[in-house]
Amino acid sequence: MKKKQIVAVVGGACAGSEAAHQLTSKGIDVVVFEQNALPYGKIEDGLPRWHGKLQDREIKKIDEKLSQSNVQFVPNCKLGKDISLQQILDFNFSAVVLASGAWKDRPLSAEGLEEIENSSFCYQNPLIYWFNHYHEKNYEGETFPIKEGAVVIGGGLASIDVAKVCQLETVKQRLSERGIEADIIEMEHKGIPKYLSNFDIKYEELNIKPACIYYRRRDIDMPLAEMPKGCTPEKKEKVQNVRKKILANAHKKYFFEVQPLSLPKEIHNENGNVCGITFFKMRYDGDKLEKTTEEVYVETNFVVSSIGSIPQPIEEIPMKWETYDISDTVTGSITKYDGVYGVGNAVTGKGNIMVSNKHAKNMGGFIASSINQDSQEEIAKSWEKETEDIANKMQEIYQYLGSKSGISDEDYARITTFVGDLQNKSEYSSYKEWKDSILEKR
Ligand SMILES: Cc1cc2nc3c(=O)[nH]c(=O)nc-3n(C[C@H](O)[C@H](O)[C@H](O)COP(=O)(O)OP(=O)(O)OC[C@H]3O[C@@H](n4cnc5c(N)ncnc54)[C@H](O)[C@@H]3O)c2cc1C
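As for helix α13 (residues 388-403)
Moving on, step 1. Taking 1.5 Å of rise per residue, 16 residues should cover 22 Å, and α13 covers 22 Å from first to last C-alpha, within 8% of that figure.
Moving on, step 2. I390, A391, M394, I397, Y398 and L401 are the residues of α13 that are buried. For α13, the arc enclosing every buried residue in end-on projection is 120°, short of the 170-degree limit, so these residues lie on one face. Every exposed residue of α13 that faces more than 90 degrees away from the buried side is listed here: E388, D389, Q399 and S403.
Moving on, step 3. Of the surrounding secondary structure, the elements contacted by the buried residues of α13 are β4 (95-98), β17 (340-342), α11 (353-372) and α12 (376-384).

This is the structure:
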């Protein structure tokens, strides 16, 4: 009789659920270990909550994939804390898929940072988490009292979201002083001027010092629209114009500003509270970017660093600089371990739902085909288009996963008991009941 195959997936969001779906649709059982109660990752806690429709759509997809009968979902189970990689490996899973995303804010390098004692300086990830959850009746997490004139250090799409949060929250505070309770989602959808016209108020009357994004390159270099590799000068100019347009439109609706060619030097404080920040001016000479000795001081009481997210280090997972040590970004093979593969935001380096999904679909599908030893001819199509190194790696994976003959009944029973014990700890019964019970408490 054919032995059972079972794969461990760490992280149940876009990438993890898609990898699980690829595996289960090929008859392979899956256990999903998720650190949080619910498995929505950056969909719920990264995208600001005004993306409600997109969030609902993605959550529905994740729910569908994780509520299949051959998926065992284990909530509140963090790899590196509640379970170790070695524990998972000792259970002889056919493979381990690491879909843990990128949850660590890239550390900002600026003098004086260690002297800030409170959330007058913060990073993007906890700020957006707060913004998405603070209105819930049982919210007990960190709070961020947003101040006007916020300085946002960054330049990507996420930094625009951060600047918008600062502007929307400041307008909300001003309206509250006038006895008006603002609907922040409606304000985002309509844009600030149109929203304020509901109350016959002009933005200028609110006398707000705007939030400002400080970016180290030129505004046309902001990665707001993808610049294809090796594109023609005409195409380059087109993309740069799109970037300008995105910024101009955002300014019209939310009034935040952008200050290009600014590199953080020092954050200043008064009794541990941010009171200002000094930037070095950068110079662009038509070819390369240079730091000048010119300094600019900006008075502010609130600084947010939004310079990118990197994978959170996990005990036993080797790191290379600020990412997991992987052989390449296609297979996401974690060096040091055979049979452990990263998918999605954990290895792609791109904060994008589609990119995460596609990577998990390709790699999850490839792992499933390798485990099942689908015809080599058929599967070879997936490495034909890759470089020689990656094609070799894929063949190596195909052979390695094929050499594992499945899991013994004894090991399968051990996994079932282990998973059951972990689920019992959270009083988890079924995916749907669990989800409903968590949402009810919010
Ligand atoms: C401010 C902001 C705005 C964005 N806007 C957009 C947008 O408009 N469009 C777009 O396409 N993309 C956007 N993105 C990016 C997008 O949300 C992510 O790229 C995508 O959701 C990542 O999916 P993922 O499954 O790879 O990772 P994640 O969503 O990060 O999922 C990782 C999962 O693993 C779990 N996990 C992590 N560590 C462990 C562990 N040790 N043990 C167990 N479980 C673990 C996490 O809890 C999580 O559920 C935005 C991101 C941000 C921050």
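Some thoughts on the pattern of salt bridges
Moving on, step 1. Taken as a whole, this structure holds 21 salt bridges when the rule is applied.
Moving on, step 2. We note a salt bridge from E44 to R442, for which the minimum N-O separation is 2.5 Å. Of this pair, E44 sits in helix α2 (residues 41-45) while R442 sits in the segment after α15 (431-441), placing them 398 residues apart in sequence.
Moving on, step 3. Among the residues examined, E44 registers a relative accessible area of 14% and is labelled buried.

Side note on the environment of S94
Moving on, step 1. Among the secondary structure elements, S94 is positioned in the loop between α4 (85-90) and β4.
Moving on, step 2. Owing to a relative accessible area of 4%, S94 belongs among the buried residues under this scheme.
Moving on, step 3. C-alpha separation for the pair S94 and G402, spaced 308 residues apart in sequence, amounts to 9.5 Å.
Moving on, step 4. Residues in contact with S94, not counting those within four places in the same chain, are Q5, I6, V7, I371, L401 and K404.

A word on the site of the ligand
Moving on, step 1. In the vicinity of the ligand lie 33 residues, with E34, K42, W103, N352 and S356 positioned nearest.
Moving on, step 2. Between an oxygen atom of the ligand and a side-chain N or O atom of S356, the distance comes to 2.7 Å.
Moving on, step 3. Within the complex, the protein chains bury 91% of what would otherwise be the 1,000 Å² of accessible surface of the ligand.
Moving on, step 4. Of the residues forming the shell around the ligand, the biggest block, 3 residues, is contributed by α2.
Moving on, step 5. When its residues are assigned to classes, the shell around the ligand shows 15 nonpolar, 14 polar and 4 charged.
Moving on, step 6. Split by domain, the residues of the shell around the ligand number at least three in each of domain 1 (6-103 + 311-441) and domain 2 (105-309).

Notes on the packing of aromatic side chains
Any pair of aromatic rings gets described here by the distance separating the centres and the angle formed by the planes.
Moving on, step 1. Applying the stated criterion to the full structure yields 16 aromatic pairs.
Moving on, step 2. Each ring, one from Y129 and one from Y139, has its centre 6.5 Å from the other, and the planes form 40°; the classification is tilted. On the criterion of sequence distance, the pair formed by Y129 in helix α5 (residues 124-133) and Y139 in the loop between α5 and β7 (151-154) is long-range, its members being 10 residues apart.
Moving on, step 3. Classification of Y139 by relative accessible area gives buried; the value is 18%.
Moving on, step 4. Each ring, one from Y214 and one from F279, has its centre 4.4 Å from the other, and the planes form 10°; the classification is stacked. Of this pair, Y214 sits in strand β8 (residues 212-214) while F279 sits in strand β11 (residues 273-284), and the two are 65 residues apart along the sequence.
Moving on, step 5. Using a relative accessible area of 1% as the deciding quantity, one classes F279 as buried.
Moving on, step 6. By way of ring pairs, the aromatic residues W50, W130, F131, Y134 and F144 are connected into one cluster.
Moving on, step 7. Its guanidinium or amino end placed over the ring of Y412, K4 lies 5.0 Å from that ring's centre, counting from NZ or CZ.
Moving on, step 8. Stacked on the ring of Y284, the Lys or Arg R218 has its end atom at 3.9 Å from the ring centre.

Some words on the packing of α11 against α12
Moving on, step 1. Two numbers describe how α11 lies on α12: the axes approach to 11 Å, and their chain directions differ by 145°. Seen along the crossing, α11 lies across α12 with a hand that is left-handed. Seen from α11, the contacting residues are F366, S369 and S370; seen from α12, they are I379, S382 and W383.

Considering the sheet that holds strand β12 (residues 289-299)
Moving on, step 1. Strands sit in the order β10-β11-β12 across an open sheet of 3 strands; the sheet is antiparallel. The sheet is open, and its two edges are formed by β10 (262-270) and β12, each paired on a single side. With direction set aside, neighbouring strand axes in the sheet form an average angle of 25°.
Moving on, step 2. In this structure, β11 lies alongside β12, joined through 8 bridges in antiparallel fashion. If you follow T278 over to β12, its bridge partner there is Y297.

Cut-offs used in this document
- Residues numbered from 1 in each chain as written.
- Predicted model: local features only at pLDDT ≥ 70, side-chain atom pairs only at ≥ 80, totals over all residues.
- Heavy atoms only, no water.
- Helix = DSSP H or I, 4+ residues; strand = E, 2+ residues; numbered from the N terminus.
- Expected span 1.5 Å × (residues − 1).
- Buried < 20%, exposed > 50% of the residue type's maximum accessible area, 1.4 Å probe, protein only.
- Arc of directions from axis to C-beta.
- Contact = heavy atoms within 4.5 Å.
- Salt bridge = Lys/Arg side-chain N within 4 Å of Asp/Glu carboxyl O.
- Near = heavy atom within 4 Å.
- Polar contact = N/O pair within 3.5 Å; in protein donor to acceptor, adjacent residues only side chain to side chain.
- Areas by Shrake-Rupley, 256 points an atom, 1.4 Å probe, with all protein chains shown as cover.
- Nonpolar A, V, L, I, M, F, W, Y, C, P; charged D, E, K, R; others polar.
- Domains from an automatic or database assignment.
- Phe/Tyr/Trp six-rings, centres within 6.5 Å; stacked < 30°, edge-to-face > 60°.
- Lys NZ or Arg CZ within 6 Å of the ring centre and 35° of its normal.
- Axes fitted to C-alpha atoms, helices over the stretch in contact; angles between N-to-C directions.
- Left-handed = near helix turned anticlockwise from the far one by under 90°.
- Pairing = 2+ DSSP bridges.

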